[in-house]
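If you want the building blocks of each chain, they are given just below.
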Amino acid sequence: MQPTNKYSIISGLIFSMLIASVIGCSSNAEEKEKTEKAEKAAAAPAATETFPLEKEDLSTAFHTPGELISFRNVDLYARETSFVKKIYADVGSEVKEGQLLVSMEAPELNSRLAGAESRVKAQEAAYIASKANYSRLVETSKTPGTISQNDLDQALARMDADYAQLQSAKASQKEIGASKNYLEIRAPFGGIITAKNVSPGAYVGPAGKGSEFPIFTLQEQRKMRLVVSIPEAYVGYVTNQTEISFSVKAYPNQKFKAKVKRLAGALDSRLRSERIEMDVFNDDKKLFPGMVAEVEIPLSSDVPSFVIPKTALVNSMERVFVVKVVDNKALWVDVKKGREMDSTIEIFSGDLKIKDQLVKKASEEVRNGSVLHTKLASL
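Here the residue numbers are simple positions, counted from 1 along each chain's written sequence. In view of the model being predicted, local features appear only for residues whose pLDDT reaches at least 70, and side-chain atom pairs are presented and counted only at 80 or more, with totals across whole chains, interfaces and linings using the full set of residues. Side-chain figures throughout are based on the complete set of non-hydrogen atoms in the structure, without hydrogens or water.

Test applied: UniProt positions are given in the numbering used here, feature names are shortened, and annotations may be inferred rather than shown by experiment.
Per an unreviewed UniProt entry, the chain carries the name Efflux RND transporter periplasmic adaptor subunit and comes from Dyadobacter subterraneus. Note on the chain: under the UniProt heading Sequence similarities (unreviewed entry), the record states "Belongs to the membrane fusion protein (MFP) (TC 8.A.1) family."

Spelled out as structure tokens, the structure:
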């Protein structure tokens, strides 16, 4: 029994070794096959993702800072050299149109007015005398040979000269009388006094001490202007019916609305932008002149346009283009950029049409005319 068992054990060991060898060879063959497949896959060119070109109604918004200014703003100066007599308003006062703001006094103006009145009376008397003299000469000349024509002409000229001087004296008197009206300054429109630079007794006038600054600054704040500059690329999307929204730092969680009212109709030669203005009604007076607003202007068009992912646009130093696939070859097509959103952009080109296949992730590495192995990508 012992020899039999010995030979059985040896046979079993040999059989096991043969089985292991067969299994090892089979495993090596599978690994080799997998490696060959991987090498073939690596050697094959990677598929380039493409998408069909479509037109869409793109609605975007342009964000830009704007400035709030008062609808009407005026600095009030003294018209005549004078002294401030009494002030009826102060900073923050809300005044109505025609309301008296300050009264002034100018003693020398009264003297000038009295002198003008005296000159009027003197010229009036001279005119009456010359007119009476001319009338008498006319009556006398009706008797032939009594008064020469030369005397009549001189009397008439004298009367006309006195009349002209009388009218000049009256005009001077009227001018000085009107100047007295400038000793009172009234509000030209309703608004708020935002600056006061003088006190009673101050010397004011069109020139001299006290005239470096205005007596008052008056601003209308119930109605304000929102001023914004629009870049040239966006001027075609804004009309006088465009409604915008804006916010200010003082009220970050509140949105204000306004409608475009005035467009400059020309571009600033330095900034290449168009100035537009919106009327803002500020009845609660929460908004102040000088505030900087963050303005959101909708940019919408009635005509659909080509819209592509931003990754499909190549913006190089020399050109802006997309890569179009024609007969499995790359073709660079120059385009112009339009509006942008988060991940898409509007393009314009006369060489593109709907359903054209464009490379989704384009770059200058995709050479013009190169052969492409493509597959349709999901947008």
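Focus on the confidence of the model for the chain
Just so we agree on the cut-off: Each residue carries a pLDDT value, the predictor's own confidence for that position, ranging from 0 to 100. Put simply, DSSP H or I for four residues or longer makes a helix, DSSP E for two residues or longer makes a strand, and each gets a number counted from the N terminus.
Within the chain, residue pLDDT values average 84, and 86% of them lie at 70 or more. Of all helices and strands in the chain, the one with the weakest mean pLDDT is helix H1 (residues 2-43) (56), whereas strand S11 (residues 216-219) scores best (94).

What to know about the packing of aromatic side chains
The description of an aromatic ring pair uses the distance of the two centres, along with the angle that the planes make with each other. Put simply, the test is: Whether two aromatic rings pair depends on their centres lying within 6.5 Å, for rings of Phe, Tyr and Trp, where Trp uses its six-membered ring; planes under 30 degrees apart make the pair stacked, over 60 edge-to-face, and the rest tilted. Only protein chains enter the area calculation, which uses a 1.4 Å probe; residues under 20% of their type maximum are buried, those over 50% are exposed, and those in between are partly exposed.
Taken as a whole and judged by the stated rule, the model has six aromatic pairs. Seen in terms of ring centroids, phenylalanine 321 and tryptophan 332 are 4.3 Å apart; in terms of plane orientation they differ by 20 degrees. Their pairing is stacked. Of this pair, phenylalanine 321 sits in strand S19 (residues 320-326) while tryptophan 332 sits in strand S20 (residues 329-334), and the two are eleven residues apart along the sequence. Using a relative accessible area of 0% as the deciding quantity, one classes phenylalanine 321 as buried. The buried category is assigned to tryptophan 332, whose relative accessible area is 13%. Pairwise contacts between aromatic rings join Phe246, Tyr251 and Phe256 into one cluster.

Some points on helix H2 (residues 107-140)
In plain terms, the rule: Take the number of residues in a helix, subtract one, and multiply by 1.5 Å to get its expected span.
Over its 34 residues, H2 extends 51 Å from the first C-alpha to the last, a length consistent with the 50 Å expected when each residue adds 1.5 Å. Among the residues of H2, Leu109, Leu113, Ala116, Val120, Gln123, Tyr127, Ser130 and Leu137 are the ones counted as buried.

Considering the environment of glycine 201
The criterion, for reference: Note on definitions: a residue-residue contact is assigned when non-hydrogen atoms from the two residues lie within 4.5 Å.
With respect to the helices, strands and loops of the structure, glycine 201 is situated in the loop between strand S9 (191-196) and strand S10 (203-204). Distance in space between the C-alpha atoms of glycine 201 and serine 82 is 9.3 Å, their sequence separation being 119 residues. In this structure glycine 201 touches Phe83 and Val84, once residues within four positions along its chain are discounted.

Describing the pairing of strand S1 (residues 48-52)
To keep it simple, the criterion reads: Note on pairing: two strands pair once DSSP finds at least 2 bridges between them.
Pairing geometry for S1 and strand S24 (residues 374-376), over three bridges, is parallel. Residue pairing for S24: threonine 50 is matched across the bridge by leucine 376. Note that S1 and strand S23 (residues 357-359) share three bridges and pair antiparallel. Residue phenylalanine 51 lies in a different strand from S23, and its bridge partner there is leucine 358.

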